[in-house]
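For reference, the chains in residue letters:
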Amino acid sequence: SIAHLAFLYDAYTPACHWWELVECAKKLLLTGLPSFVFSDPVAQVAAAQLVSLGAVLLLHVHAPYADASDNRFALLSGWNTVLIILAGQIMGLNERQSEAEREEMAARRSKSDETVVREAAETRGMLSWRDQRSGSDAVPQNHGSYSTSE
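Source: prediction; values computed, not measured.

Here is what the cut-offs are and how they apply
- Residues numbered from 1 in each chain as written.
- Predicted model: local features only at pLDDT ≥ 70, side-chain atom pairs only at ≥ 80, totals over all residues.
- Heavy atoms only, no water.
- Helix = DSSP H or I, 4+ residues; strand = E, 2+ residues; numbered from the N terminus.
- Buried < 20%, exposed > 50% of the residue type's maximum accessible area, 1.4 Å probe, protein only.
- Contact = heavy atoms within 4.5 Å.
- Areas by Shrake-Rupley, 256 points an atom, 1.4 Å probe, with all protein chains shown as cover.
- Core = buried A, V, L, I, M, F, W, Y, C linked by side-chain atoms within 4.5 Å.
- Axes fitted to C-alpha atoms, helices over the stretch in contact; angles between N-to-C directions.
- Parallel < 35°, antiparallel > 145°, perpendicular 65-115°, else oblique.
- Left-handed = near helix turned anticlockwise from the far one by under 90°.
- Nonpolar A, V, L, I, M, F, W, Y, C, P; charged D, E, K, R; others polar.
- Patch = residues over 30% accessible without salt bridge, like charges linked within 9 Å, V, L, I, M, F, W, Y side chains within 5 Å.
- Salt bridge = Lys/Arg side-chain N within 4 Å of Asp/Glu carboxyl O.
- Phe/Tyr/Trp six-rings, centres within 6.5 Å; stacked < 30°, edge-to-face > 60°.

Colleague: Looking at this model, I keep getting lost on the overall build of the protein. Mind explaining?
Modeller: Tallying secondary structure elements over the protein gives six helices and zero strands in all. Start at the N end of the protein and walk to the C end: the helices and strands fall as α-α-α-α-α-α. Within the span of the protein, comprising 150 residues, buried residues form 19% of the whole. Taking contacts inside the protein between residues at least 6 apart in sequence as the whole, the part at least 24 apart equals 44%. Total accessible area on the protein stands at roughly 11000 Å², and carbon and sulfur atoms take up 62% of it.

Colleague: Can you walk me through unusual backbone geometry in this structure?
Modeller: Negative phi characterises most residues that are not glycine, and trans characterises most peptide bonds. The backbone of A63 sits at a positive phi, close to 40°, despite the residue not being glycine. Within the secondary structure, A63 is located in the loop between α3 (41–62) and α4 (68–95).

Colleague: Can you help me understand the nonpolar core in this one?
Modeller: Within soluble globular proteins, side chains that are nonpolar tend to cluster in buried spots. Judged by nonpolar contacts, Y12, C16, W19, V56, L59, Y65, A74, L75 and V82 together constitute the single largest core of nine residues. Elements represented by at least two residues in this core include exactly α3 and α4. Considering every element that reaches this core, the biggest residue donor is α4, with three residues. If sequence neighbours within four positions are ignored, L59 has contacts with W19, P64, Y65, A74 and L75.

Colleague: What exactly am I supposed to notice about the packing of helix α1 (residues 19–31) against α3 here?
Modeller: Packed helices, taken two at a time, are described by the angle their axes make and the gap between the axes. Taken N-terminus to C-terminus, the directions of α1 and α3 make an angle of 165°; their axes are 9 Å apart at the nearest point. As judged from the angle between their axes, α1 and α3 are roughly antiparallel. As α1 packs across α3, the resulting crossing turns out to be left-handed. Across the interface between the two elements, W19, V22, K26, L29 and L30 from α1 touch A48, V51, S52, A55, L58, L59 and H62 from α3. Across the contact of α1 with α3, the residue classes break down as nine nonpolar, two polar and one charged.

Colleague: Sorry if this is basic, but what is going on with the environment of P64 here?
Modeller: Structurally, P64 is set in the loop between α3 and α4. A C-alpha to C-alpha distance of 5.8 Å links P64 and T13, two positions 51 residues apart in sequence.

Colleague: For this particular structure, what's the right way to read the side chain of N71?
Modeller: Among the structural elements, N71 can be located in helix α4. Excluding anything up to four places from it in sequence, N71 contacts A63, P64 and Y65.

Colleague: Any chance you could explain a nonpolar patch on the surface here in plain terms?
Modeller: A contiguous nonpolar patch, built from I2, L5, F7 and L8 and spanning about 390 Å² of accessible area, is present on the exposed surface. Following the sequence through the fold, L8 ends up in the segment before α1.

Colleague: Looking at this structure, how should I read the packing of aromatic side chains?
Modeller: Any aromatic ring pair is given by two values, namely how distant the centres are and how the planes are angled relative to each other. Within this structure, the stated rule accounts for two aromatic pairs. Between the aromatic rings of Y12 and Y65, the centroid separation amounts to 5.1 Å while the plane-to-plane angle is 40°, which identifies the pairing as tilted. Placement of the pair is Y12 in the segment before α1 and Y65 in the loop between α3 and α4, with a sequence separation of 53 residues. The pair Y12 / Y65 is uniform in exposure class, with both members buried. Residues W18 and W19 carry aromatic rings whose centres are separated by 5.6 Å and whose planes lie at 50° to one another, so their mutual orientation is tilted.

Structure (structure tokens):
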């Protein structure tokens, strides 16, 4: 008799009494497959995404739980896992930038900061007449006073 194992299959419909095996396989594939099979972090996340999407698809097709609210909760949890992995992929894109890309972005920010400071100085009349006339890109060093000697 297997009555002592009923806790493993009581929550499922009789047609899906085997669903606990699917749940165990999903857990093993989400934790073991990505890290042991793939060395590339992008491939690891992609494999986890495929496993989680496959699990959600199986839940949609089989609706294995005897209680409809359990099916809804399982689907909600499955989609939550898919979205969390997707968010991890999106956030990981920023970390995979090369050092050259980071330096280029920093240079762009620095140049735009200098432009903003220069425009602010021009509107406040803080540049000398010669700097304004020559179009010098120098950022004024002394923001508080004029040089009247030309």
